[in-house]
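# Coordinate inspection notes
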Amino acid sequence: MPDPNGFLRYDRRLPARRPVSVRISDWREVYPPAGEELVREQATRCMDCGIPFCHDGCPLGNRIPDWNDLVRTGSWDAAVESLHATNNFPEFTGRLCPAPCEAACVLGIAGGQPVTIKQVEVEIADAAAARGLTPLPVPPPSGRSVAVVGSGPAGLAAAQQLARAGHAVTVYERDDAIGGLLRYGIPDFKLEKRHIDARLAQLSAEGVRFRTGVNVGVDVTAEQLRAEHDAVLLACGALQGRDTPETPGRALRGVHQAMAHLVAANRAVAAAGTDKPDGAVTTGEGRTARAVLPDGTPIDAAGKHVVIIGGGDTAADCLGVAHRQGAAGVHQLDLYPQPPGERDEARDPWPTWPWVLRSYPAHEEGGDRVFAVAVQEFVDDGTGQVRAVRIAEVTVEKHDGRRVVTVVPGSERELPADLVLLAIGFEGTEQQPLLAQFGVTRNSRGAIDARDDWQTDVDGVFVAGDMHRGASLIVWAIAEGRAVAAAIHGFLGGAGALPAPVGPAAQALAAR
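Residues numbered from 1 in each chain as written. Predicted model: local features only at pLDDT ≥ 70, side-chain atom pairs only at ≥ 80, totals over all residues. Heavy atoms only, no water.

With that settled, consider the packing of helix α6 (residues 76-84) against helix α9 (residues 117-131). Contact geometry for α6 and α9: axes closest at 9 Å, N-to-C directions at 110 degrees. Here α6 lies roughly perpendicular to α9, going by the angle between them. Residues Trp76, Asp77, Ala79, Val80, Leu83 and His84 of α6 form the contact with α9, whose own contacting residues are Glu121, Glu123, Ile124, Ala125, Ala127, Ala128 and Arg131. Looking at side-chain class alone, the contact of α6 with α9 contains eight nonpolar, one polar and four charged residues. (Axes fitted to C-alpha atoms, helices over the stretch in contact; angles between N-to-C directions. Helix = DSSP H or I, 4+ residues; strand = E, 2+ residues; numbered from the N terminus. Parallel < 35°, antiparallel > 145°, perpendicular 65-115°, else oblique. Contact = heavy atoms within 4.5 Å. Nonpolar A, V, L, I, M, F, W, Y, C, P; charged D, E, K, R; others polar.)

As structure tokens, this is what we get:
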């Protein structure tokens, strides 16, 4: 049983981040490993509630109280087994998920401090990686094959589950390396790519085949894929960035989608070899690789005044990248007013996900956050290059379910800007040739609908992850990957049942 007094004896504590002056000079992860004493102390705070609401906060159904108590007692091997029972990639979720499980922790009631679930999770995962990610024995082949299009967390989770069930699985990725946004969308200071490579080695040993540089719908047709495989899973993500084409000056040089900046930066870091244990790329003029677009256009923040439009995770990632590239200054703009520092129980009652001010490590590193403003114009320097953004203070209200933005008269001003990054969300999966070839269409949200059995309107063609759900959390992607694998296994006539933590219509905890 758990320590009944653990939450009384210990306060919530996280390991200290690497000093700002050190970490912005390289691309290594912000958080160093936590010592075993700290992790066991924090795991001891878990009360193993009779009704563990953290289970409802996490769509994976992670056995959080179980592995917390196993860590408390030093049973690390059993903790690893318990964690992997519901989560294929805890080293990813422990680093990238915003932890809705912690928002649902009973210790968070009435402004309390929840268990550091995410930190305990990542330490268990890292302990497993340190011992080596042992592949599971490959079962007898089923004689059936599956094509997985897209190699993000949903596609990889489905691939691993299906391979472990004996099916022949091939993952098709249009990029030059496997991982989807994990590879080229997430900066190394949040997720060093060695973690991806270690997991891919395990999947490969379990029989998963990977084909990179294959753009399905262009390099190989849907007809060919269906002829070669018994089922197809579409897990291409939701990469269609939201834009502001109506804003004057949008076509100026220097105004880009945020993902263009992040992908270019990740490619530059990969080219510089920071995946090596002792690798580091210095900032400023000492760097060994520069971020450029596919056509060679620089998209580097070095020496520039940067304006990031948006207030979420992607915007914070751009902020951290700009610091490491040596930006002269950064402003991050948010349309909405500054959120409160604590949960408003009337608005977001526990255990739902609260609207609160979330500060990321990148905010500690510098830059200015400006709330309740909207861009009125991207200002031309006279040569077609952006030199500033003209902003105005705004109020935001909802009428009949629609957002109404009102400019405050006389509040306009300019911010210097040599590089502007749009991090204002995503509009669903990209419009690409494979959609028409498979005979599937995007819905009003830009996503692909699934029937109750995870199939699209086309029999034998399944969909999961952000491509089905819209841009969401990594835990939802993995949960949908596991669930669609169970559906495909049944479709192929596989014996027994694979775990299916969510259904196609499942939603996150939300206030009613």
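A separate point is the packing of helix α10 (residues 153-164) against helix α12 (residues 194-205). Closest axis-to-axis distance for the α10/α12 pair is 10 Å, and the angle between their directions is 30 degrees. By the criterion of interaxial angle, the relationship of α10 to α12 is roughly parallel. Crossing of α10 against α12: the hand is left-handed. Taking contact as the criterion, the partners of Leu156, Gln160 and Arg164 in α10 are, on α12, Leu200, Gln202 and Leu203. Each residue belonging to the contact of α10 with α12 can be placed in one class, and the counts come to three nonpolar, two polar and one charged. (Left-handed = near helix turned anticlockwise from the far one by under 90°.)

Across all of its chains, the model carries 35 salt bridges by this definition. We note a salt bridge from arginine 12 to glutamate 102, for which the minimum N-O separation is 3.0 Å. With arginine 12 in the loop between α1 (6-9) and α2 (20-23) and glutamate 102 in helix α8 (residues 100-103), this pair connects stretches of sequence that are 90 residues apart. For arginine 12, a relative accessible area of 26% corresponds to the partly exposed category. The network of salt bridges with shared partners includes Arg17, Arg23, Arg324, Glu364 and Glu365. (Salt bridge = Lys/Arg side-chain N within 4 Å of Asp/Glu carboxyl O. Buried < 20%, exposed > 50% of the residue type's maximum accessible area, 1.4 Å probe, protein only.)

It is worth spelling out the pairing of strand β7 (residues 329-334) at this point. Most of β7 sits inside the fold, with five of its six residues counted as buried. With five bridges joining them, strand β6 (residues 305-309) and β7 adopt parallel strand pairing. Within the sheet, the bridge partner assigned to isoleucine 309 lies in β7 and is leucine 333. Regarding the hand of the β-α-β motif, the stretch spanning β6, helix α15 (residues 313-325) and β7 is right-handed. As defined by bridge partners, β7 adjoins strand β8 (residues 368-371) across four bridges and the pair is classed as parallel. Bridged to glutamine 332 within β8 is arginine 369. (Pairing = 2+ DSSP bridges. Right-handed = clockwise from strand over helix to strand, strands pointing away.)

Let's shift gears to the sheet that holds strand β2 (residues 168-173). The sheet built from five strands is open, its strands ordered β3-β2-β1-β4-β14 with parallel pairing. Two strands in the sheet have a free side with no partner beyond their single neighbour: β3 (209-212) and β14 (461-463). Strand after strand, the sheet turns through a mean of 20 degrees between neighbouring axes, direction not considered. Relative to β14, helix α19 (residues 474-491) is tilted by about 165 degrees, and along the sheet it contacts β1 (145-149), β4 (231-234) and β14.

We now examine unusual backbone geometry. A cis amide bond links tryptophan 350 to the next residue, proline 351, at an omega of 10 degrees. Assignment of secondary structure puts proline 351 in the loop between β7 and α16 (361-364). Unlike most non-glycine residues, alanine 110 shows phi in positive territory, near 55 degrees. With respect to the helices and strands, alanine 110 occurs in the loop between α8 and α9. In this structure, tryptophan 454 is a non-glycine residue whose phi angle is positive, near 70 degrees. Relative to the elements of secondary structure, tryptophan 454 occurs in the loop between α17 (433-438) and β14.

Another point: the nonpolar core. Grouped together as the largest cluster of nonpolar side chains are 69 residues, with contacts concentrated most on Trp67, Val71, Ile124, Leu233, Val484 and Ile488. For this core, the leading source of residues is α19, giving eleven residues. Beyond its immediate stretch of four places on either side in the chain, isoleucine 124 contacts Trp67, Val71, Trp76, Ala79, Val80 and Leu83. (Core = buried A, V, L, I, M, F, W, Y, C linked by side-chain atoms within 4.5 Å.)

Moving on, we come to the environment of arginine 253. Examined against the element boundaries, arginine 253 turns out to sit in the loop between β4 and β5 (255-257). For arginine 253, a relative accessible area of 45% translates into the label partly exposed. Leaving out residues up to four positions away in the same chain, arginine 253 has contacts with Thr383, Gly384, Gln385 and Val386.

Turning our eyes to something else, we now look at the sheet that holds β8. The parallel open sheet is built from five strands, whose spatial order is β5-β13-β6-β7-β8. Edge positions in the sheet fall to β5 and β8, since each of these pairs with one other strand and no more. The sheet shows a mean angle of 20 degrees between the axes of neighbouring strands, taken without regard to direction. Running over the sheet, helix α14 (residues 258-272) touches β5 and β13 (419-422) and is turned about 80 degrees from β5. The sheet contacts of α15 involve β6, β7 and β13, and relative to β7 the element is tilted by about 175 degrees.

Moving on to the state of the cysteines. Per the stated rule, a full pass over the model turns up zero disulfides. Between cysteine 318, a cysteine without a disulfide, and cysteine 97, which holds the nearest cysteine sulfur, the sulfur-to-sulfur distance is 20 Å. Given a relative accessible area of 0%, cysteine 318 falls into the buried group. (Disulfide = S-S within 2.5 Å.)

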